[in-house]
Amino acid sequence: MKKVLAFAMALVILACCSLAVAEGRAKTPAGQIEGGPKVYFVIESAFFKADSDIIIIGQKGNEYYKRYDQPVATTKVDDDLLVPVDAMSKIFQFTYEYDAATGAIHLEDEFVKADLAIGSKDVTINGAADTLGAAPAEVDGVLCVPAVSVGTKVFELVTGESLGYTYLSYVETELPAGSTGNSGKITQLTMPGKIYGIIEPVYWFEEAQMLMPYRATIPTSYDPEVPNGLVVFLHGGSGNDNRDVERATVYGGESGYLWDFVMDKYGFIGLSVNAYCQGDYGSKANNSNPATARASVLCEHEVLAAIEQIKQKYNIDESRIFLMGNSMGGLGTLWMACDYPELFAGISPSPGFNPTRDLSVLGDTPIRVVPSTEDKGYNTALANYKLWKEKGLNITFRGVCGGAHSIGWSEVLDETIAFFASVK
């Protein structure tokens, strides 16, 4: 009996130790500022498919997936998949060094150091010898490593198969099955050369050293030879690049989101960003807490970086970039417009209008204030509108009767985008 109890205790201790090791290997999210607000975009998994240059990124904590385009396609070699090491390092947060003269590759994070080489399956992991599923190689001049064996053996990631994809993840996971809902997004994400409709990529935000997402709507009228207007949307607190613009569905039996249909109707590219650390788009840049102030600055800069991403991919008319947002995004709209008055041709903050800046810097920039009558800030918004109207701002007011704090702006979205379209 004592032996059985001793064995049971040993198993419990072993399990506790294993749990402690697992928790000890849990990484701080990339881009997290010590003492600062929580990073809201945390990557949990990556899905790879042979002969595809698209990697699907899974986000921890919700059901949204993004695409991460690569310079070369994933290549199946022996028992593994060769994936650009640069993508692997950014997704799973490790650094690497490559000596092209010798072919030596060094991978490292806070838990492990590994050495491997071009053309060899041998690897040394924290001083111990092991074997990879395939040899690292340069594919069309891009350094690639065997993702599955590097992921599982070096960084102790989990791997598996899901809907024809091989995944690497911090936990066991899978892509959503079926032909509707998010799986429809997966289909769109994996379409090579996709131009029109909803685009949901991630890009490398250098200043924060992390991958960041955005959601773009490309109208069917888009012509790469013709400069196109751009509408940038800033979401509210605790939101993301999808949530606010996907709140309002199209009524009358149509399938889809009102935001996308209105963008297509007026021929605008629509850009919805993901606020870094929910950092209030720069409005807390002077906060007494340096970490909060830094996060707020990065949040503002992330919006600018996302705009630059769109400008690199699409033909944007820089004289027709408009900014709008709700709640935290409404304040951010005013703040960013004041910081970069030359960038935006028109703005529309909602739901409240309680500016903490001197708006005179906006000059003749058209402003459309969209508060909702059921929002507690409605009367304040109305009073401030009258104040700034008297001061000579080019400002209009559109109250939404019965509208709620988070959704009222969408009830008059068609009018707001028509307002932007009228700006010459």
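Thresholds, definitions, all that
Residues numbered from 1 in each chain as written. Predicted model: local features only at pLDDT ≥ 70, side-chain atom pairs only at ≥ 80, totals over all residues. Heavy atoms only, no water. Helix = DSSP H or I, 4+ residues; strand = E, 2+ residues; numbered from the N terminus. Buried < 20%, exposed > 50% of the residue type's maximum accessible area, 1.4 Å probe, protein only. Contact = heavy atoms within 4.5 Å. Areas by Shrake-Rupley, 256 points an atom, 1.4 Å probe, with all protein chains shown as cover. Lys, Arg positive; Asp, Glu negative; His and termini not counted. Charge placed at Lys NZ, Arg CZ, Asp CG, Glu CD. 1 Å grid on protein atoms, 1.4 Å probe; cavity = no way out; pocket = protein on both sides within 12 Å on 5 of 7 lines; lining within 4 Å. Points joined across faces, edges and corners; volume = space filled by probe spheres on them. pLDDT = per-residue confidence, 0-100. Phe/Tyr/Trp six-rings, centres within 6.5 Å; stacked < 30°, edge-to-face > 60°. Lys NZ or Arg CZ within 6 Å of the ring centre and 35° of its normal. Pairing = 2+ DSSP bridges. Polar contact = N/O pair within 3.5 Å; in protein donor to acceptor, adjacent residues only side chain to side chain. Axes fitted to C-alpha atoms, helices over the stretch in contact; angles between N-to-C directions. Nonpolar A, V, L, I, M, F, W, Y, C, P; charged D, E, K, R; others polar.

(A) Molecular detail of the overall build of the protein chain. In terms of helices and strands, the protein chain carries 10 helices and 23 strands. The principal-axis extents of the C-alpha atoms in the protein chain amount to approximately 80 × 60 × 45 Å. Out of the 424 residues in the protein chain, the part that is buried amounts to 52%. In the protein chain, the proportion of contacts linking residues at least 24 apart, taken out of those at least 6 apart, comes to 60%. With the model as given, the accessible surface of the protein chain reaches about 18900 Å², and the carbon-plus-sulfur share is 53%. Distance from the positive charge centre (33 side chains) to the negative charge centre (52 side chains) of the protein chain: 6 Å.

(B) A look at empty space enclosed by the protein. Applying the stated criterion across every chain yields a total of two cavities of 30 Å³ or more. Estimates place the volume of the largest cavity at around 80 Å³. Contributing to the lining of the largest cavity are P29, A30, F41, V42, I43, K90, I91, Q93, M210 and L211. The set of elements that each furnish at least two residues to the lining of the largest cavity consists of α2 (85–92) and β17 (210–218). In this structure, the second largest cavity encloses a volume near 30 Å³. Every residue along the wall of the second largest cavity is listed here: M324, S348, S350, V370, W409 and T416.

(C) The confidence of the model for the protein chain, seen in detail. Mean pLDDT for the protein chain: 91, with 92% of residues reaching 70 or above. Confidence drops under pLDDT 50 across residues 1–24; counting only partners more than four residues distant or on other chains, this segment forms one contact.

(D) How the structure looks around the packing of aromatic side chains. Per the counting criterion, the structure on display carries 13 aromatic pairs. Their ring planes at 70° and their centres at 5.6 Å tell us that F233 and W259 sit as a pair that is edge-to-face. Taken together, the residues F233 in strand β18 (residues 228–234) and W259 in helix α5 (residues 258–266) connect sequence positions 26 residues apart. Grouping residues by exposure puts F233 and W259 together as buried. Seen in terms of ring centroids, F322 and F420 are 4.7 Å apart; in terms of plane orientation they differ by 20°. Their pairing is stacked. On the criterion of sequence distance, the pair formed by F322 in strand β20 (residues 316–326) and F420 in helix α10 (residues 413–422) is long-range, its members being 98 residues apart. Classification of F322 as buried rests on a relative accessible area of 0%. Its end group placed over the ring of W335, R357 keeps NZ or CZ at 4.3 Å from the ring centre.

(E) Expanded view of the pairing of strand β3 (residues 65–69). Within β3, four of the five residues are buried, which leaves it mostly tucked inside the rest of the structure. As paired strands, strand β2 (residues 54–59) and β3 are joined by five bridges and run antiparallel to one another. The residue bridging I56 from the neighbouring strand is R67, located in β3. Taken together, β2 and the strand that follows it, β3, pair antiparallel across an intervening segment of five residues, in which G61 is found at a positive phi of about 95°.

(F) Here's a closer look at the side chain of D241. As for its position among the elements, D241 is in the loop between β18 and α5. Here K66 takes part through its side chain, which lies 2.4 Å from a polar atom of the side chain of D241. There is a polar contact of 3.0 Å between the side chain of D241 and the side chain of N274. With sequence-adjacent residues up to four places away left out, D241 is seen in contact with K66, P213, Y214, R215, H235, S272, V273 and N274.

(G) Region of the structure containing the sheet that holds β3. Judged by pairing direction, the sheet is antiparallel, and its five strands sit side by side in the order β3-β2-β1-β14-β13 without closing on themselves. Pairing within the sheet leaves two strands with one partner each, and these edge strands are β3 and β13 (158–162). Sheet twist, expressed as the mean angle between neighbouring strand axes with direction ignored, is 30°. As paired elements, strand β1 (residues 43–48) and β2 share four bridges and run antiparallel to each other. Looking across to β2, one finds that F47 is bridged to I56.

(H) Fine view of the layout of surface pockets. There is about 440 Å³ of room inside the largest pocket. As for the largest pocket, its lining consists of 20 residues, of which Q188, I198, S255, G256 and D260 are closest to the centre. Among the elements of the structure, α4 (182–189), β15 (197–199), β17 and α5 are those that each provide at least two residues to the lining of the largest pocket. It is α4 that contributes the most residues to the lining of the largest pocket, four residues altogether. Across the lining of the largest pocket, the residue classes break down as five nonpolar, 10 polar and five charged.

(I) Broad picture of the sheet that holds strand β11 (residues 137–139). The antiparallel open sheet is built from four strands, whose spatial order is β4-β5-β12-β11. Strands with a single pairing partner mark the edges of an open sheet, and in this sheet they are β4 (75–77) and β11. Adjacent strand axes in the sheet meet at a mean angle of 40° when their direction is disregarded. When β11 meets strand β12 (residues 142–146), the two strands line up antiparallel, connected through three bridges. Counterpart to E138 in the pairing with β12 is L143. Where α2 meets the sheet, its contacts fall on β5 (80–84) and β12, and the angle it forms with β5 comes to roughly 85°.

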